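Topology and contacts: notes
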2 protein chains.
Amino acid sequence: MIRITRLTDYGIVLLSRFAGAEQGAVLSARELSSETGVPLPTTSKILKTLTRAGLLTSHRGTQGGYSLARPPEEVTVSDVIGALEGPIALTDCSGEADGTCDIELTCPVRTNWQRITDAIREALEAIPLTEMTVSFPFHAGTDGDPDPAVAPATPGRPTTGAALGGGGEA
Amino acid sequence: MIRITRLTDYGIVLLSRFAGAEQGAVLSARELSSETGVPLPTTSKILKTLTRAGLLTSHRGTQGGYSLARPPEEVTVSDVIGALEGPIALTDCSGEADGTCDIELTCPVRTNWQRITDAIREALEAIPLTEMTVSFPFHAGTDGDPDPAVAPATPGRPTTGAALGGGGEA
DNA sequence: CCTATACAGGACCATACAGGTTCTGTATTG
DNA sequence: CAATACAGAACCTGTATGGTCCTGTATAGG
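Let me begin by describing the structure that accompanies this report. (Residues numbered from 1 in each chain as written. Chains lettered and ligands numbered in written order. Predicted model: local features only at pLDDT ≥ 70, side-chain atom pairs only at ≥ 80, totals over all residues. Heavy atoms only, no water.)

1. A look at the protein's contact with DNA strand C
Definition in use: Any residue with a heavy atom positioned within 4 Å of a molecule or strand is treated as near that molecule or strand. Between N or O atoms, a polar contact is any pair within 3.5 Å; within protein, one atom must be a potential hydrogen donor and the other a potential acceptor, and residues adjacent in sequence are included only when both atoms are from side chains. The helix and strand labels rest on DSSP assignments: H or I over at least four residues marks a helix, E over at least two residues marks a strand, and numbering proceeds from the N terminus. Each residue is assigned to one class: nonpolar for Ala, Val, Leu, Ile, Met, Phe, Trp, Tyr, Cys and Pro, charged for Asp, Glu, Lys and Arg, and polar for all the others, Gly among them.
Taken together, 24 residues lie near DNA strand C, and Lys48(A), Ser58(A), Tyr66(A), Arg6(B) and Arg60(B) sit nearest. Among the atoms of DNA strand C lying within 4 Å of the protein, the sugar-phosphate backbone contributes 69%. Contacts to DNA strand C include Gly61(A), whose backbone N or O atom sits 3.3 Å from a sugar or linking oxygen. Thr5(B) places a polar side-chain atom, nitrogen or oxygen, 3.4 Å from a phosphate oxygen of DNA strand C. Breaking the surface near DNA strand C down by element, the ones donating at least two residues are helix 2 (29–36), helix 3 (40–52), strand 1 (56–59) and strand 2 (65–68) of chain A together with helix 1 (6–20) and helix 3 (40–52) of chain B. Its residues assigned to classes, the surface near DNA strand C comprises 6 nonpolar, 11 polar and 7 charged.

2. A look at the protein's contact with DNA strand D
For DNA strand D, the set of nearby residues contains 25 residues, the closest of which are Arg6(A), Lys45(A), Arg60(A), Lys48(B) and Ser58(B). The sugar-phosphate backbone supplies 68% of the atoms of DNA strand D found within 4 Å of the protein. In this structure, Ala29(B) approaches DNA strand D through a main-chain N or O atom, which is 3.1 Å from a phosphate oxygen. Taking Gly61(B), its main chain carries an N or O atom lying 3.3 Å from a sugar or linking oxygen of DNA strand D. Those elements that place two or more of their residues in the surface near DNA strand D are helix 1 (6–20) and helix 3 of chain A together with helix 2 (29–36), helix 3, strand 1 (56–59) and strand 2 (65–68) of chain B.

In structure tokens form, the structure reads like this:
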């Protein structure tokens, strides 16, 4: 339902941990797992994938672990999604693959999906990791108040919302 | 991978058929199926769901079929997605459901996902059915040229792209 | 030199869900 | 009364996400 996979979600959480630590810090899979609550094997899998994608650098041996390959400001949400689940495409036909869709020839809405997809892609590319790290105070989770933590938050950087919403707020 | 389901894709194609026909036209599942290439049972299933969601009105008996419940300008892409696959939510925690995510309490990026999701939601709400109907000329599909039909299109209404991209284009 | 640590890279399994079909029922037209 | 067409539910199946495990290999430290 227009959703990212949980692996990606976890991936961003893990990476934001690096963004929160000091520049160049080396964190092991074990540490990250216990700190975030993500199961160790899964954590390991995600970190390995991110390393292969060039977002992290690995260090073997005792005292080994992972460190960011680039400064956190240069890693975007789009990068993480791309690394963990391939290129962003809302529909089969909005990616680079042609001919995947049966009705491609008679489809009147194809081009529009591509435009929408491109727009979302660009928007996600505009959100760096540092932007996701901003910790708002949030309620205890007993689903008491739906909004309070969401809407009024926006301390000083509405960048994230602005990138997508534009003047919208419709 | 941030994608909508094929059912939703088909749903929009089917609905755009109504938008193309004259106001209040009654089209049967059989007609729509043969015109769009979407298998009949699937077409039927989608139309039934859309009817239940209040987007279409059904007419039984001989000469029966479906007609739009609202003028096409008032039906948005977001409506269709909502009808066919529930509320838009990139992550478990960006919807209304709380407690679905194991690491919710320690998750530093939750609020941000909600902002991003809201933004995408609003963007999709801004795209009416009539906007998707605009038929661009497109190539024959033998995956010869990847772009030509895509980029230069944009005849006179960049509304779709503008709604999301804002001033970005980053 | 030897051992423990920690990443590398697979293979592997299980559950869930999307995609699609079929069947029975009901209403409307002629 | 018969044919058409929607209503709705049950059902099947292929795929892929989410997650585990196992075998290597490199590094640090005793």
